[in-house]
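# Survey of secondary and tertiary structure
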Amino acid sequence: MRLCRFNSNRLGVVKGDQVFDVTEALDVLPSVSYPLPQVDPLIANLDKVRARIDELLPAASSCALADVTLLSPVANPGKLVAAPVNYRKHLEEARADAEIHHNSQVAEIQRVGLFLKATSSLVGPSEGVALRHTDRRNDHEIELAVVIGKGGSRISREDAWSHVAGYCIGLDMTVRGPEERSLRKSIDSYSVLGPWLVTADEIADATQLDFWLTVNGEPRQRANTRDLVIGIPELIEFASAFYTLHEGDVLYTGTPEGVGPVQPGDVIVANIEGIGEMRVNVSKA
C-alpha cells in the first residue's frame, strides 16, 4: 500500500495517478493526552489503520495526484537517524573534494557512527527546500529512507526486517562548512521525505533497489542499495545499540557519489525503484 499525507493533513492511498481519500481511517487511532507519546500514532497503529482503509477504499472519493500538496508521510517522527558516507564512492568523493570536507578528516562510517537530524527540518516534497546560507554550497543527497514500524532496543540484524514499516525517498540536504553534520543538515526543510510511504510488503528486496536524482533534468546521482557499506538490517542493529528506536522513527540510509550544489529556482527530481518519483522545488529562505 502507498500511503500519503496530503493537503490539510488528509490521509490518502495512491493508486496510479489518483489519490483516494481515506482520512476517516484515522478514527481508529487512540486518543492521546499530555504527555504526548514518543511514537508516531499512525505508524504505531498501522495495521489497524490499514484494516479500516480496506473497508473504506471501495467507496472512497479520489482526485488527481498532480493536484494535491504532498506532505511528509510521517508526521511526527521521534528521531531522524542518518548514516554518513555509507557508499564507498561517496566516501572517496568527499575525501577528494575540499568543498565537501573543509579540511576535516572524513572517516569511515564504522568509525564516525550515525548522527541525528532535527525533526523540525522535516518537510514533504510539495513544501520544497528553502536554502539558507546561500553564500555557501548547498548540496542534494538522495537516500532510501526506512520507517521504523516496531520499536525496540538492541535489535539484532537477523530480526531487523520485522521492525520496518515501509520506505520513502529521502533528501538529506546539507550546507557545506566546518560545523558538525547535525547542525548543517538540520536546517528547516533540509530533510525531505516522500512522496508517500510504501509499506514493507510492497518491496520484495530493499537491498537491490536502483535509484537516481536529477537537477533541472541533469543526471547527478545514480546507484543501487546493494552498494551500501552498512546494509539496512545492520544499520538498524547499529542504531538500536545506542538508542531505542520508536514507531515512526526514520532512518536515512546514506547517499552515493554525485552529490552537488543546488540554487534557488532549481528542481530536484528523485526516483527510487519500487517507490516512485519525488519532485522538489528549491527556493531561498
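Everything quoted here is computed from the prediction, not taken from an experiment.

## Some remarks on helix H7 (residues 232-240)
For an α-helix, the turn length of 3.6 residues means that residues three or four places apart are oriented alike. Of all nine residues that make up H7, seven are buried, and the element is covered over most of its length. Residues Ile232, Pro233, Leu235, Ile236, Phe238, Ala239 and Ser240 constitute the buried set of H7. Buried positions along H7 lie against strand E6 (80-82), helix H5 (109-112), strand E11 (142-148), strand E12 (164-172) and strand E17 (250-252).

## A few points about the side chain of serine 72
Tracing the chain through its elements places serine 72 in the loop between strand E5 (70-71) and E6. Judged by its relative accessible area of 2%, serine 72 is buried. A polar contact is formed between the side chain of serine 72 and the backbone oxygen of valine 74, at a distance of 2.8 Å. Beyond its immediate sequence surroundings of up to four residues, serine 72 is in contact with Arg5, Leu122, Val123, Gly124, Glu127 and Leu193.

## Some words on the packing of aromatic side chains
Counted by the stated rule, this structure contains two aromatic pairs. Seen from their ring centres, tyrosine 87 and phenylalanine 211 are 6.0 Å apart, and the 65 degrees between their planes marks the pair as edge-to-face. Pair noted here: tyrosine 87 is in the loop between E6 and helix H3 (88-96) and phenylalanine 211 is in strand E15 (residues 210-215), with a separation of 124 residues, a long-range link. Each of the two residues, tyrosine 87 as well as phenylalanine 211, counts as buried.

## Quick look at the environment of histidine 140
Along the chain, histidine 140 turns up in strand E10 (residues 138-140). When its relative accessible area of 0% is taken as the criterion, histidine 140 is described as buried. Counting along the chain gives 110 residues from histidine 140 to valine 250, while the straight-line C-alpha distance between them is 18 Å. Engagement of the side chain of histidine 140 in a polar contact is seen with the side chain of glutamine 221, the distance being 3.0 Å.

Criteria and cut-off values
Residues numbered from 1 in each chain as written. Predicted model: local features only at pLDDT ≥ 70, side-chain atom pairs only at ≥ 80, totals over all residues. Heavy atoms only, no water. Buried < 20%, exposed > 50% of the residue type's maximum accessible area, 1.4 Å probe, protein only. Helix = DSSP H or I, 4+ residues; strand = E, 2+ residues; numbered from the N terminus. Contact = heavy atoms within 4.5 Å. Polar contact = N/O pair within 3.5 Å; in protein donor to acceptor, adjacent residues only side chain to side chain. Phe/Tyr/Trp six-rings, centres within 6.5 Å; stacked < 30°, edge-to-face > 60°.

From the geometry alone we can't say anything about function, so treat these as descriptive.
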